[in-house]
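Each chain, letter by letter, is given below.
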2 protein chains.
Amino acid sequence: MQDLLFDFISKYVSLSEEEKNAIVSLNLFRSVKKGTILLQEGQKSRESYFVLKGCIRTYYLIDSEEKTTAFYTEMEALTPPSVISKTPSEYYISCIEDCILLVSNSDMEAEVNSKFPKFEIMCRKLSEELLAKERMDFDEFKTSSPEQRYLNLLQSRPDLIQRVPQHQLASYLGIQPQSLSRLRARILEKKS
Amino acid sequence: MQDLLFDFISKYVSLSEEEKNAIVSLNLFRSVKKGTILLQEGQKSRESYFVLKGCIRTYYLIDSEEKTTAFYTEMEALTPPSVISKTPSEYYISCIEDCILLVSNSDMEAEVNSKFPKFEIMCRKLSEELLAKERMDFDEFKTSSPEQRYLNLLQSRPDLIQRVPQHQLASYLGIQPQSLSRLRARILEKKS
DNA sequence: ACATCTTGTTCACTTAAGTTAAGAAAGACG
DNA sequence: CGTCTTTCTTAACTTAAGTGAACAAGATGT
């Protein structure tokens, strides 16, 4: 499991054994059961998550309806906006599968960053990359119809369609579950 | 004009006079006329932009239609995804007003970052903050209707509605110009 | 001053998504 | 095993956005 992490890190910076040990000694790994809620609306948190195995989901409760906005799966990282802005969270984070996560908190990150400048560099590169990716995803969402978005998701993250309940997927695509169902039927019809 | 920049930077790190001079000596300031295209689809670029005055816009050409996805105004920064991924750009960047920009390129950033670790820190903080902001904007977009999005934009960036052509705004809201027109009429009717 | 292009609005019509309700299928649990 | 819940689909109806066309107002250019 640790190897997965170090493989990931090696894409950004190369670590010495000493640095690797420093990370391991922080004891960041945590196993979490399906259904666990990692963060609740209104809660102040300082935790960031990195998914080693499993899938976590962020959602808002609007008019007592869950609005799912993101899924994070293997090798994806999430620092909630509320951690950056130091305000109460506007959304929930929950595990939709049994997960193995890496959990860090901002105090610890600050300490590690100042002790090992390489981490600072890695964090910058990763944030820049994630920002670029997020902007592309947002652009794609804006410029396409629900049906196109579904087809695109089928291409880019086919695993999600298998492992995630339809009504959460629908919400993620910005539509109602019934619309997703109908849209899928429409696509099947076109193919035949 | 430089003061605006240093005021902005001071929100992230505090610079010594020497460091400020180092920045000034890089000669990053550039005045650009309305209508100038800063980046074209298919082009490889290494430039990042920081808007000191004016407004720049990113758009895609899809089926010979312009799809506007973002506006960057005073004190906002843009590093195109294509610069991060080192691939040809998928979109255009153009100035919709006369602008004063700060233009940097990635080689130069790398050099400054390694010379002044403070810059590395600033870049990380800024990227993290922008990522958090982008995710919140994306979430808001996903969870609301075109009408809600327009009303929200009216709240959060009322200046945009004044300074940007309606058809570009419509595209930015993910709808057709006619729909925006209708939606605005609907809102006016409700108020009365 | 005139022609042209861009921009924004309106209208009629089409298409797709929202809504409400009902029922089938799959899982969870005692 | 049956009961209860969650999940998914289908259908009928409503609402809103897409589409194509026409028109008016402004800006641009010659």
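Just so it is clear, the model here is predicted, and its values are computed rather than measured.

S.K.: What's the story with the relation of the copies chain B and chain A in this structure? I'm lost.
M.R.: Each of the two copies of the chain can be brought onto the other by a rotation about an axis and a shift along it. The two copies are related by a screw operation: chain B maps onto chain A through 180 degrees of rotation and 0.0 Å of translation along the axis, at an RMSD of 0.0 Å. Classification of the inter-copy transformation places it as that of a two-fold axis. Of the C-alpha atoms belonging to chain B, the one lying closest to the rotation axis is found on Arg124(B), 2.1 Å away. Comparing contact sets, 100% of the residues at the interface of chain B also lie at the interface in chain A, consistent with an isologous, same-surface contact.

S.K.: Honestly, the environment of Ser64(A) in this entry has me stumped. Any pointers?
M.R.: In this fold, Ser64(A) is placed in the loop between strand E4 (56-62) and strand E5 (65-72). Taking C-alpha positions, Ser64(A) is 38 Å from Leu26(A), a pair spaced 38 residues apart along the chain.

S.K.: Mind showing me how you'd approach the protein's contact with DNA strand D here?
M.R.: The immediate surroundings of DNA strand D are formed by 14 residues, with Gln166(A), Ser181(A), Ser179(B), Arg182(B) and Arg186(B) found nearest. When the atoms of DNA strand D within 4 Å of the protein are grouped by moiety, sugar and phosphate amount to 68% of the total. One nitrogen or oxygen atom from the side chain of Ser181(A) is found 3.0 Å from a phosphate oxygen belonging to DNA strand D. Side-chain polar atom of Gln178(B) to a base oxygen of DNA strand D: 3.5 Å apart, as the coordinates give it. Elements supplying a minimum of two residues to the surface near DNA strand D: helix H8 (166-172) and helix H9 (177-191) of chain A together with helix H9 (177-191) of chain B.

S.K.: Teacher, can you tell me more about the pattern of salt bridges here?
M.R.: Two side chains with opposite charge may pair up if their charged atoms get near one another. All names here are of chain A. A complete count under the given rule lists 28 salt bridges over all chains for this structure. Across the salt bridge formed by lysine 115 and glutamate 111, the nearest N and O atoms sit 3.5 Å from each other. Taken together, the residues lysine 115 and glutamate 111, both in helix H4 (residues 106-115) and 4 residues apart, mark about one turn of the helix. The class of lysine 115 is exposed, set by a relative accessible area of 56%. Note that arginine 186 is salt-bridged to glutamate 147, the shortest N-O span being 2.9 Å. In this pair, arginine 186 is assigned in helix H9 and glutamate 147 in helix H6 (residues 146-156), connecting sequence segments 39 residues apart. Since its relative accessible area comes to 14%, glutamate 147 is described here as buried. By sharing partners, the salt bridges in this structure join Glu74, Glu97, Asp159 and Arg163 into a single network.

S.K.: What exactly am I supposed to notice about the sheet that holds strand E5 (residues 65-72) of chain B here?
M.R.: Working definition: the strands of a sheet are paired by backbone hydrogen bonds and lie parallel or antiparallel to each other. Residues and elements named next belong to chain B. The antiparallel open sheet is built from 4 strands, whose spatial order is E2-E7-E4-E5. Of all the strands in the sheet, the pair left with one neighbour each is strand E2 (37-39) and E5. For this sheet the average axis-to-axis angle between neighbouring strands, irrespective of direction, equals 30 degrees. One ladder, built from 2 bridges, connects E2 with strand E7 (residues 92-95); its direction is antiparallel. From the neighbouring strand, isoleucine 37 faces E7, where its bridge partner is serine 94.

Here is what the cut-offs are and how they apply
Think of each chain on its own: its residues are numbered from 1, step by step along the sequence as written. Note on labels: chains are lettered from A, ligands numbered from 1, in written order. Side-chain atom pairs in this predicted model are given and counted only at pLDDT of 80 or more, local residue features only at pLDDT of at least 70, and totals for whole chains, interfaces and linings cover all residues. Heavy atoms from the whole structure form the basis of all side-chain values; hydrogens and water molecules are not counted. Least squares is the method used to superpose the copies, on C-alpha atoms of residues holding a pLDDT of at least 70 in both. Contacts are residue-level and defined by heavy atoms, with any inter-residue pair within 4.5 Å sufficient. Strands are runs of DSSP state E lasting at least 2 residues, helices are runs of H or I lasting at least 4, and numbering of each runs from the N terminus. Put simply, a residue is near a molecule or strand once any heavy atom of it comes within 4 Å of that molecule or strand. Any N or O atom pair separated by 3.5 Å or less is treated as a polar contact, with the protein-specific requirement of one donor-capable and one acceptor-capable atom, and with residues adjacent in sequence counted only for side-chain atom pairs. Salt bridge criterion: a side-chain nitrogen from Lys or Arg within 4 Å of a carboxyl oxygen from Asp or Glu. Burial classes follow relative accessibility: with a 1.4 Å probe on protein chains only, a residue under 20% of its type's maximum area counts as buried, one over 50% as exposed, and anything between as partly exposed. Following DSSP output, two strands are said to pair if at least two bridges run between them. Convention adopted: a line fitted to C-alpha atoms gives each axis, helices being fitted over their contacting stretch, and angles between N-to-C directions are expressed from 0 to 180 degrees.

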